[in-house]
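Spelled out from the first residue to the last, the chains are:
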Amino acid sequence: MMKRSLGSSGIQVSAMGMGCWAIGGPWTMRGQQAGWGTVDDDESIRAIHCALEQGVTFFDTAANYGCGHSERIVGRALAGRRDQVVIATKFGYRVDEETRCVEFYDDDVNSDQVVHHLRQDCEASLRRLGLDYIDLYQFHINDYSPAKAAAVRDALEELVSEGRIRFYGWSTDHPEGARVFAEGKHCVAIQHDLNVIKDAPQVLAVCDEFGLASINRSPLVRGAITGKYTADSKFQPNDIRHRDYFQREWLVPTLEKLDAIRKILTSDGRTLAQGALAWIWARSARTIPIPGIRSVAQATENAEAMRFGPLGDDSMREIERLLRR
Ligand SMILES: NC(=O)c1ccc[n+]([C@@H]2O[C@H](COP(=O)([O-])OP(=O)(O)OC[C@H]3O[C@@H](n4cnc5c(N)ncnc54)[C@H](OP(=O)(O)O)[C@@H]3O)[C@@H](O)[C@H]2O)c1
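This report concerns the structure included in the present document. (Residues numbered from 1 in each chain as written. Predicted model: local features only at pLDDT ≥ 70, side-chain atom pairs only at ≥ 80, totals over all residues. Heavy atoms only, no water.)

### Details of the overall build of the protein
Defined as follows: Numbering of helices and strands runs from the N terminus; a helix is a DSSP stretch of H or I covering at least four residues, while a strand is a stretch of E covering at least two. Our radius of gyration is a C-alpha quantity, and the globule rule it is checked against amounts to 2.2 Å times the number of residues to the power 0.38. A simple rule labels every residue: compare its accessible area, found with a 1.4 Å probe on the protein chains alone, to the largest value its type can have, and call it buried under 20%, exposed over 50%, or partly exposed in between. The protein chains shown are the only cover counted for residues, whose accessible areas, like all others here, come from Shrake-Rupley with a 1.4 Å probe. Residues counted as positive are Lys and Arg, residues counted as negative are Asp and Glu, and His and the chain ends are not counted. Taken as the charge location is NZ of Lys, CZ of Arg, CG of Asp or CD of Glu.
A tally of helices and strands in the protein yields 11 helices and 14 strands. Since a compact globule built from 325 residues should have a radius of gyration of about 20 Å, the 18 Å found for the protein is in line with a globular shape. Buried positions account for 58% of the 325 residues belonging to the protein. As displayed, the protein has an accessible area near 13300 Å², and 46% of this comes from carbon and sulfur atoms. Across the protein, the mean location of the 40 positive side-chain charges is 3 Å away from that of the 45 negative side-chain charges.

Structure, rendered in structure tokens:
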């Protein structure tokens, strides 16, 4: 089974983790749909068990996902298996479990309330997950000001010394912010977008410089690289993919490039999803893709990608050539 290091933590995890956003079900972020439509909790739990049986040991969730629902499902599914798994979750927003609405504290992306609420938010996640400590606690606000991030980092160090979290990281696509967190002793990971359509050389360079894990969100380009959508695909109104921005930012750019690289991604018998994961592993030895999974079939197909391993150097070069990068 392929393994990767969680930065300098000394923790080894499966080279692929399970993304647990979709299994949170519907919720809104600042008034907009932010879930992936209706979910079947029993199937979500079966998917988590299936992933675990296939060797997946790393699970990524967030307080936001379904306003605590994803954390509860992860907690239920993994109860009694604490020693077999590494659990990551995220904080930084005001989460209303009753209304299933998420807002910025003070309606401000850079609110100081993030630090003031940190302990309370951590306790709420621990309660929902049914844990005594969180393995990796990640700051969820992508665009938070790097100038203010040191205060968040230092508050996280306190949570480490209190034993409520083991390590922390930031889910951000901004290398300047990543650098501020990387200065912290127990910062071991940056979570960021990385997939065959959207490379992230600057954040990967920070991970190299500081010895951090690169946890890769949206590794399947939000499903668009799997070949199951067309430009005309329709989604339920409570699905984030119903919004125009999914078409614009994710679907159309991917479909424009997919045909050019389909043959290479599916070489050696891989499916498209497996090829997309293989590209990420070949991109850097620090990468840990966390595809969003919500069925046993997806858990099985994605976990099987670890048996094939990374794409070869020739395939990687050919993809760069075909995508004119
Ligand atoms: N700001 C943040 O911190 C942030 C942002 C984004 C994501 N994340 C994390 O990263 C994880 C993954 O990112 P993501 O959910 O944005 O996108 P993704 O992993 O690129 O795509 C997920 C979607 O791909 C489809 N899928 C998965 N496996 C498949 C397979 N084998 N065959 C066909 N379709 C498959 C599923 O679609 P269906 O729903 O149609 O089945 C799934 O919902 C999230 O779950 C979350 O943990 C974090």
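### Quick notes on the site of the ligand
How we decide: Residues are classed as near a molecule or strand on a simple rule: at least one heavy atom within 4 Å of it. Pairing of N or O atoms within 3.5 Å defines a polar contact, subject to two protein rules: one partner must be a possible hydrogen donor and the other a possible acceptor, and residues neighboring in sequence count only if both atoms are side-chain atoms. Think of it as three bins: nonpolar holds Ala, Val, Leu, Ile, Met, Phe, Trp, Tyr, Cys and Pro, charged holds Asp, Glu, Lys and Arg, and polar takes everything else, Gly as well.
Around the ligand lies a shell of 29 residues, among which Asp60, Ser171, Leu220, Gly292 and Gln298 are the nearest. At a separation of 3.1 Å, an oxygen atom of the ligand approaches a polar backbone atom of Trp21. Asp60 places a polar side-chain atom, nitrogen or oxygen, 2.7 Å from an oxygen atom of the ligand. Here the ligand loses 92% of its free accessible area of 900 Å² to cover by the protein chains. Counting residues per element, the shell around the ligand draws most heavily on helix α10 (residues 296–308), which supplies three residues. Class assignment of the residues belonging to the shell around the ligand gives a composition of 11 nonpolar, 10 polar and eight charged.

### Let's talk about the nonpolar core
Short version of the rule: Residue types Ala, Val, Leu, Ile, Met, Phe, Trp, Tyr and Cys, when buried and joined through side-chain atoms within 4.5 Å, form a set referred to as a nonpolar core. A contact between two residues is defined here by any heavy atoms of the two lying within 4.5 Å.
Counting residues in hydrophobic clusters, the biggest one holds 99 residues, and the most contacted among them are Phe59 and Leu156. No other element matches helix α9 (residues 272–283), which puts eight residues into this core. Other than its neighbours up to four places away in sequence, Leu156 contacts Phe91, Leu118, Tyr137, Ile165, Tyr168 and Phe181. Of all hydrophobic cores here, the second largest spans 14 residues; its members include Leu6, Val86, Ala88 and Ala189.

### Side note on the environment of Thr61
As for its placement among the helices and strands, Thr61 is situated in the loop between β6 (58–60) and α2 (69–78). For Thr61 and Ser125, which are 64 residues apart along the polypeptide, the C-alpha to C-alpha distance reads 10.0 Å. If we skip the residues at most four places from it in the chain, Thr61 touches Cys20, Ser70, Glu71, Val74, Ala88, Thr89, Lys90 and Leu129.

### Observations regarding the pairing of strand β12 (residues 187–193)
Successive residues of a regular strand alternate their side chains across the two faces of the sheet. Inclusion rule: Here a strand pair is declared whenever DSSP counts at least two bridges between the two strands. If you view a crossover with the strands going away from you and the path from the first strand over the helix to the second runs clockwise, you call it right-handed.
Of all seven residues making up β12, seven are buried, and the element is well covered by its neighbours. The pairing of β12 with strand β13 (residues 213–217) spans five bridges and is parallel. Counterpart to Ile190 in the pairing with β13 is Ser214. Regarding the hand of the β-α-β motif, the stretch spanning β12, helix α7 (residues 201–210) and β13 is right-handed.

### Some words on the packing of aromatic side chains
Stated formally: Aromatic contacts are taken between Phe, Tyr and Trp rings whose centres are within 6.5 Å, Trp giving its six-membered ring; a plane angle under 30 degrees counts as stacked, one over 60 as edge-to-face, and the others as tilted.
Summed over the entire model, instances satisfying the criterion amount to 14 aromatic pairs. With a centroid separation of 5.3 Å and an interplanar angle of 20°, the aromatic rings of Phe91 and Phe139 are classed as stacked. On the criterion of sequence distance, the pair formed by Phe91 in strand β7 (residues 86–91) and Phe139 in strand β10 (residues 134–139) is long-range, its members being 48 residues apart. The pair formed by Phe91 and Phe139 is uniform in burial state, with each residue classed as buried. Through successive ring pairs, a cluster of aromatic residues spans Phe91, Tyr137, Phe139, Tyr144, Tyr168, Trp170 and Phe181.

### Things to note about the packing of α9 against α10
We count it as follows: Between the N-to-C directions of two axes lies an angle of 0 to 180 degrees, each axis being a line fitted to C-alpha atoms and, for a helix, fitted only over the stretch in contact. Roughly parallel means an angle under 35 degrees; roughly antiparallel means over 145; roughly perpendicular covers 65 to 115; every other angle is labelled oblique. In this scheme the handedness of a crossing depends on how the near helix is turned from the far one: anticlockwise by less than a right angle means left-handed, clockwise means right-handed.
Packing of α9 against α10 brings their axes to within 9 Å, and their N-to-C directions diverge by 50°. By the angle class used here, α9 and α10 are oblique. In terms of crossing hand, the pair formed by α9 and α10 is right-handed. Two secondary-structure elements touch here, α9 through Ala273, Gln274, Leu277 and Trp281 and α10 through Glu301, Asn302, Glu304, Ala305, Met306 and Phe308.

### Observations concerning the pattern of salt bridges
Where side chains of opposite charge bring their charged atoms close, a pairing between them can arise. The following threshold applies: The term salt bridge refers to a side-chain nitrogen of Lys or Arg lying within 4 Å of a carboxyl oxygen of Asp or Glu.
Under the criterion given, the structure shown has 26 salt bridges. Asp135 is the salt-bridge partner of Arg166, the closest N and O atoms lying 3.1 Å from each other. Of this pair, Arg166 sits in strand β11 (residues 165–171) while Asp135 sits in strand β10, and the two are 31 residues apart along the sequence. Residue classification places Arg166 among the partly exposed residues on the basis of a relative accessible area of 34%. Since its relative accessible area comes to 1%, Asp135 is described here as buried. Here Glu318 and Arg321 are joined by a salt bridge, their closest N and O atoms 2.8 Å apart. Here Glu318 and its partner Arg321 are both found in helix α11 (residues 313–322), three residues apart, which amounts to about one turn of the helix.

### A closer look at helix α8 (residues 244–265)
Put simply, the test is: Helices are assigned an expected span. That span is 1.5 Å times one less than the residue count. By definition, a residue's bend is the angle between the axes fitted to the seven residues ending there and the seven starting there.
Over its 22 residues, α8 extends only 27 Å from the first C-alpha to the last, a length that falls short of the 32 Å expected when each residue adds 1.5 Å. Largest kink in α8: about 55°, centred on Asp259. For α8, the full list of buried residues reads Phe246, Trp250, Leu251, Thr254, Leu258, Ile261, Ile264 and Leu265. Those residues of α8 that are buried are in contact with β12, α9 and α11.

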